[in-house]
Amino acid sequence: AQSVTQLGSHVSVSEGALVLLRCNYSSSVPPYLFWYVQYPNQGLQLLLKYTTGATLVKGINGFEAEFKKSETSFHLTKPSAHMSDAAEYFCAVSGSGANSKLTFGKGITLSVRP
Amino acid sequence: DAGITQSPRHKVTETGTPVTLRCHQTENHRYMYWYRQDPGHGLRLIHYSYGVKDTDKGEVSDGYSVSRSKTEDFLLTLESATSSQTSVYFCAYSGGPLNTDTQYFGPGTRLTVL
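Now for a look at the structure at hand.

Definitions and cut-offs
- Residues numbered from 1 in each chain as written.
- Chains lettered and ligands numbered in written order.
- Predicted model: local features only at pLDDT ≥ 70, side-chain atom pairs only at ≥ 80, totals over all residues.
- Heavy atoms only, no water.
- 1 Å grid on protein atoms, 1.4 Å probe; cavity = no way out; pocket = protein on both sides within 12 Å on 5 of 7 lines; lining within 4 Å.
- Points joined across faces, edges and corners; volume = space filled by probe spheres on them.
- Helix = DSSP H or I, 4+ residues; strand = E, 2+ residues; numbered from the N terminus.
- Nonpolar A, V, L, I, M, F, W, Y, C, P; charged D, E, K, R; others polar.
- Contact = heavy atoms within 4.5 Å.
- Buried area = accessible area lost by both parts, 1.4 Å probe.
- Salt bridge = Lys/Arg side-chain N within 4 Å of Asp/Glu carboxyl O.
- Polar contact = N/O pair within 3.5 Å; in protein donor to acceptor, adjacent residues only side chain to side chain.
- Buried < 20%, exposed > 50% of the residue type's maximum accessible area, 1.4 Å probe, protein only.
- Pairing = 2+ DSSP bridges.
- Core = buried A, V, L, I, M, F, W, Y, C linked by side-chain atoms within 4.5 Å.

Some thoughts on the layout of surface pockets
Point 1. Roughly 440 Å³ of internal volume is contained in the largest pocket.
Point 2. Residue lining of the largest pocket: 25 residues in total, with Q38 of chain A together with Q37, V88, F90 and R110 of chain B positioned closest to the centre.
Point 3. Where the lining of the largest pocket is concerned, the elements lending two or more residues are β10 (87–95) of chain A together with β4 (31–38), β9 (87–94) and β11 (109–113) of chain B.
Point 4. Across the lining of the largest pocket, the residue classes tally to eight nonpolar, 12 polar and five charged.

Observations regarding the interface of chain B and chain A
Point 1. Contact with chain B, which involves 20 residues of that partner, is made by 24 residues of chain A.
Point 2. Approximately 1600 Å² of surface area, both sides summed, lies buried where chain B meets chain A, with 54% of it carried by carbon and sulfur atoms.
Point 3. Inspection of the region where chain B meets chain A yields zero salt bridges.
Point 4. Between chain B and chain A we count three residue pairs in polar contact (both at pLDDT 80 or more) in total.
Point 5. Sorting the residues of the side of chain B that touches chain A by element identifies β4 and β5 (42–51) of chain B as the ones contributing at least two each.

Quick notes on the pairing of β11 of chain B
Residue and element names in this part refer to chain B.
Point 1. Covered by surrounding structure in β11 are T109, L111 and V113 only, the residues R110 and T112 on the alternate face being uncovered.
Point 2. Judged from the four bridges that link them, strand β2 (residues 10–13) and β11 form a sheet pairing that is parallel. Counterpart to V12 in the pairing with β11 is T112.
Point 3. Relative to β11, β9 runs antiparallel, the two being bridged by three bridges.

Observations regarding the nonpolar core
All names here are of chain A.
Point 1. Counting residues in each nonpolar core, the largest one holds 27 residues, and the members touching the most others are W35, L47, L48, F74, L76 and Y89.
Point 2. Mapped by element, the contributors of at least two residues to this core are β3 (19–21), β5 (31–38), β6 (44–50), β8 (64–68), β9 (73–78), β10 and β12 (108–113).
Point 3. Element by element, the count of residues in this core is highest for β10, at four residues.
Point 4. Leaving out residues up to four positions away in the same chain, F74 has contacts with C23, L33, F34, W35, L48, Y50, A65, E66 and F67.

What follows is the structure in structure tokens.
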């Protein structure tokens with residue numbers, strides 16, 4: 001069984017400030033971890049993913065995330081927020097088994113203040 | 001453009017009527033998925049397909065059926081729509097297994113069941 005916890009439903013930051021969106025997971029097997037972004041009235045788009053190898057993963061639009069096994073976390077960060085980053089962000093987890101499904105968190109809405 | 005479309009984009013129907021949502025991909029990929037998105041729940045997998053006529057249930061499959069007679073089309077049917085099936089439905093595809101491969105999402109179908 002696997003699950004994702006994204007605490008809180010809304011984060012607000014000022015333009016230029018650090019973005020930190022938290023994700024904790026639970027998995028009985030080595031996890032594969034994903035961050036997806038959803039802009040208003042659109043489908044989801046992959047930001048980045050961790051499967052194996054380097055635990056610091058860089059994605060699109062300046063985002064990165066670090067897999068920390070000891071903390072069961074995969075937090076998403078961006079050094080400087082831009083107005084265009086305003087969207088809903090979903091963390092997701094799957095397992096190493098071929099039949100493992102992708103389980104999404106509930107999502108976090110990021111607002112960026114001018 | 002991820003090469004995936006959904007139709008219709010919006011639909012209002014009445015309780016007890018059958019509804020079919022269509023997903024069409026132009027990328028000739030093997031794996032396709034149907035999700036529903038509800039506030040506070042993130043995305044939940046309804047059904048998925050790993051090839052023509054090969055489908056399996058996801059997390060919330062009750063009340064839904066699917067069919068895939070061609071690689072490019074994946075249909076989701078609500079046999080007798082209920083108000084609890086009011087949601088936004090997303091289709092997605094991936095080139096490889098669902099546990100590791102990036103999923104590409106369609107724009108969504110907003111379904112309202114009165």
